[in-house]
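Survey of secondary and tertiary structure
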Amino acid sequence: MGNLKFSRIDYQQLTELESFATPSIFQTVNWLNFVKETQDAEPVVAVIENENIPVGYFTGLIIKKFGLRILGSPFPGWTTSYMGFNLHPSIRNVDALIALENFAFNDLNCIHLEIMNRHLNTDDLLKAGYKCDFFPNFEIDLSQDEDHIFASMSSSCRWSIRKAKKLGVSIEIAEDLSFADDYYSQLQDVFAKQKLVPTYPKERVKSLIRNLLPTSQLLLLRAKDGNNNCIATGIFPALNDTMFFWGGASYRTYQDLRPNEALIWFAMRYWKSRGVSILDMAGARDYKRKYGVVSEIAIPWGRKSKYHTLEKLRNFGKFLADKKQKLAGLNKS
């Protein structure tokens, strides 16, 4: 099926197209508005048609680098996970990827595109001529009862949750923009331990709150000690069957109270009670294993450039960004 066509529409119409497949939170209008604000990006939503019959849709955003247009779905550094396609089961991913290349390079005048979709696989991307990296990740099954989920955690994690409760740590749901101040202050402390600075500014957290909190798809949590001091924070967006660990931070001074484990356990129970069955840990850091990892997955992240030299520029740009972060951390230490 090589005659798929992409027809761009107003991205605000996205909610009308969700019957093709279950969307992720990163494919919603509110999340697109968040990325638009924080990346100075242009949302792109397109209906995918086969012989003039709608068979899916595509979600992404265009950014400009050195005056050149790049289509990200998503793009690294956006603190955004799975976007890409929502397709009718009859449509092959490889055909959609080939049609996407034509749409990006010819209709949108982009010179590079990237896509990460939970339903793509390596063979699809390679057959369509894309290069491929991988996003390693952990997922936790929340469909079991709470006792089973708790028992699947490591013994040290269960001990930490019990200790936090015993020492008077309480978890509160936050609904105020000042939450960003607490979170970011703690995040700076986390990065300072490694002589680094956060990879994104505080304004990104504020934008996330402004755009997502009114939707009831964003859970903000504060952990407080017995003296009502905010000692840790967590950010957990969710939609349909999946919640995400978008960010967590805490002050090193209060680590003995074990607030981080208590925060995540609260979030797991909160979203589980609202029908969520999967916790996506948004990365495969070793410390996340203690929460009862059920699946270790590697999501393909495809990319294609209109010109071969752009691949080298992309890699060099990432190298410069990493160096810039390290230098900023050393200057603050």
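This write-up is about the structure you can find in this document. Just so it is clear, the structure is predicted and the values come from calculations on it, not from any experiment.

A look at the pattern of salt bridges
Applying the stated criterion to the full structure yields 16 salt bridges. Among the salt bridges present, the one from Lys202 reaches Asp181, with a minimum N-O distance of 3.1 Å. Taken as a pair, Lys202 in helix H7 (residues 202-212) and Asp181 in helix H6 (residues 179-192) lie far apart in primary sequence, 21 residues in all. The partly exposed category is assigned to Lys202, whose relative accessible area is 30%. Of the residues examined, Asp181 reaches a relative accessible area of 34% and is grouped as partly exposed. Each of Arg8, Glu42 and Arg69 takes part in salt bridges that share partners, so that together they form one network.

Examining the side chain of Asn117
With respect to the element layout, Asn117 can be found in the loop between strand S6 (112-116) and helix H3 (122-127). Here His119 takes part through its backbone nitrogen, which lies 2.8 Å from a polar atom of the side chain of Asn117. Here Asn117 is in contact with Gln27, Tyr82, Met83, Gly84, Phe85, Ile299 and Pro300, once residues within four sequence places are set aside.

A few points about unusual backbone geometry
In this model, Ser73 is joined to Pro74 through a cis peptide bond whose omega is 0°. Looking at where Pro74 falls in the secondary structure, it is placed in the loop between strand S4 (68-73) and strand S5 (84-87). The backbone of Ser216 sits at a positive phi, close to 65°, despite the residue not being glycine. Positionally, Ser216 belongs in the loop between H7 and strand S9 (218-224).

Focus: the nonpolar core
If you look at the biggest cluster of nonpolar residues, it comprises 45 residues, and the most contacted ones within it are Trp31, Tyr183, Val205, Leu208, Ile235 and Trp246. For this core, the secondary-structure elements that each account for two or more residues are helix H1 (29-39), strand S3 (53-65), H6, H7, S9, strand S10 (230-239) and strand S14 (295-305). It is H6 that provides the largest number of residues to this core, a total of 6 residues. Beyond its immediate stretch of four places on either side in the chain, Trp246 contacts Trp31, Phe34, Thr79, Tyr183, Tyr200, Arg204, Leu208, Ile235 and Pro237.

Points about helix H8 (residues 259-272)
For H8, with 14 residues, the first-to-last C-alpha span of 20 Å sits near the 20 Å given by 1.5 Å per residue. Judged by how many residues are buried, H8 sits mostly within the fold: 10 of 14 residues are covered. Along H8, the positions that sit buried rather than exposed are Pro259, Glu261, Ala262, Leu263, Ile264, Trp265, Ala267, Met268, Tyr270 and Trp271.

Analysis parameters
Residues numbered from 1 in each chain as written. Predicted model: local features only at pLDDT ≥ 70, side-chain atom pairs only at ≥ 80, totals over all residues. Heavy atoms only, no water. Salt bridge = Lys/Arg side-chain N within 4 Å of Asp/Glu carboxyl O. Helix = DSSP H or I, 4+ residues; strand = E, 2+ residues; numbered from the N terminus. Buried < 20%, exposed > 50% of the residue type's maximum accessible area, 1.4 Å probe, protein only. Polar contact = N/O pair within 3.5 Å; in protein donor to acceptor, adjacent residues only side chain to side chain. Contact = heavy atoms within 4.5 Å. Core = buried A, V, L, I, M, F, W, Y, C linked by side-chain atoms within 4.5 Å. Expected span 1.5 Å × (residues − 1).

Distances and angles like these do not, on their own, reveal function.
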